[in-house]
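The lines below spell out each chain.
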Amino acid sequence: MNGYDDKGNLHGAVIDNCYVSGSIYHESDNGDNYVGGIVGWQKKGAVINCKSDVVVSCYVSDQDKIAAAAGIAGVLDQGLIANSLSIESVGGGTDGNNSVTPIISNLVAINKGTVSSCYASGSLSTRNESKYAGMISGWITTTGKAYDSKYDKETGKIYADKDHYFDQQGKSGVEHAI
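Residues numbered from 1 in each chain as written. Predicted model: local features only at pLDDT ≥ 70, side-chain atom pairs only at ≥ 80, totals over all residues. Heavy atoms only, no water.

Q: I would appreciate a short explanation of the pattern of salt bridges in the present structure.
A: Side chains that carry opposite charge are capable of pairing whenever their charged atoms lie near each other. Per the counting criterion, the structure on display carries three salt bridges. The salt bridge partner of Asp77 is Lys43, with a shortest N-O separation of 3.5 Å. Linking Asp77 in strand β8 (residues 73-82) with Lys43 in strand β4 (residues 39-43), this pair joins segments that are 34 residues apart in sequence. Residue classification places Lys43 among the partly exposed positions, given a relative accessible area of 23%. What you see here is one network of salt bridges that share partners, running through Lys43, Asp77 and Lys112. (Salt bridge = Lys/Arg side-chain N within 4 Å of Asp/Glu carboxyl O. Helix = DSSP H or I, 4+ residues; strand = E, 2+ residues; numbered from the N terminus. Buried < 20%, exposed > 50% of the residue type's maximum accessible area, 1.4 Å probe, protein only.)

As structure tokens, this is what we get:
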């Protein structure tokens, strides 16, 4: 998500007061993949006052490539997500031989910006073990920040095995074998 002024300078776009629902299932056999319920990669700009009711799943089979999935943004790069919520489940996975683990979160998978006054509920699941799974942010870089954000501890569960991975219909492996 990029926003440019009339001189071509990058300022970042703003998404305000939106609601999205449904499901996103992305599977790839090449390259890094960033999937979000509202935006895949947000460069600068802001997502504010938004609600994501989207089941998000991302799987990458390419060796050493990233599978980043989140309820709001796959990547938040120097931008802001504020006063927003994500209320569904997120799943991610990589090939068993992949040295890169999935990065998943109910709000932001890779946080290089600011998350403020947000709320998350729903579970996280991966086909394989992940070092980067979190309800607010899966991975916060040195420039990332999170303030005054909460998650529902009753629904906020993290599963790291193929039996709990969500497929494209949002059904877990416990209910529906993949």
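Back to the text.
Q: I'm lost on the nonpolar core in this one. Help?
A: Buried together is how nonpolar side chains tend to be arranged in soluble globular proteins. Membership of the largest hydrophobic core comes to 14 residues, with the highest contact counts inside it found for Val47, Ile72, Ile81, Leu107, Val108 and Val115. If you list the elements that add at least two residues to this core, you get β8 and β12 (108-116). It is β8 that contributes the most residues to this core, three residues altogether. Dropping the residues within four chain positions of it, Leu107 is found in contact with Ala70, Gly71, Ile72, Ala73, Ser86, Val115, Cys118, Tyr119, Ala120, Met135 and Ile136. (Core = buried A, V, L, I, M, F, W, Y, C linked by side-chain atoms within 4.5 Å. Contact = heavy atoms within 4.5 Å.)

Q: For this particular structure, what's the right way to read the environment of Asn106?
A: Along the chain, Asn106 turns up in the loop between β11 (103-105) and β12. Between the C-alpha atom of Asn106 and that of Gly138, which follows or precedes it by 32 residues, the distance is 8.3 Å. In terms of polar contacts, Asn106 uses its side chain to reach the backbone carbonyl oxygen of Glu88, at 2.9 Å. (Polar contact = N/O pair within 3.5 Å; in protein donor to acceptor, adjacent residues only side chain to side chain.)

Q: Is there a simple way to explain the pairing of β8 in this structure?
A: In regular strands, side chains alternate between the two faces of the sheet. Within β8, eight of the ten residues are buried, which leaves the element mostly enclosed by the surrounding structure. Direction of pairing for strand β5 (residues 46-48) relative to β8: parallel, over a ladder of three bridges. Across the sheet, the residue bridging to Val47 is Ile81, located in β8. Here β8 runs beside β12; their pairing, made up of seven bridges, is parallel. The residue bridging Ala73 from the neighbouring strand is Val108, located in β12. (Pairing = 2+ DSSP bridges.)

Q: Looking at this model, I keep getting lost on the packing of aromatic side chains. Mind explaining?
A: In the structure shown here, the tally under the stated rule is two aromatic pairs. Note on Tyr34 and Trp41: the rings are 5.0 Å apart at their centroids and 90° apart in plane angle, and the pair reads as edge-to-face. For the pair Tyr132 and Trp139, a centre-to-centre distance of 5.4 Å together with 40° between the ring planes defines the contact as tilted. For Tyr132, a relative accessible area of 31% translates into the label partly exposed. A residue is classified by how much of its surface remains accessible, and Trp139, at 35% relative accessible area, is partly exposed. (Phe/Tyr/Trp six-rings, centres within 6.5 Å; stacked < 30°, edge-to-face > 60°.)

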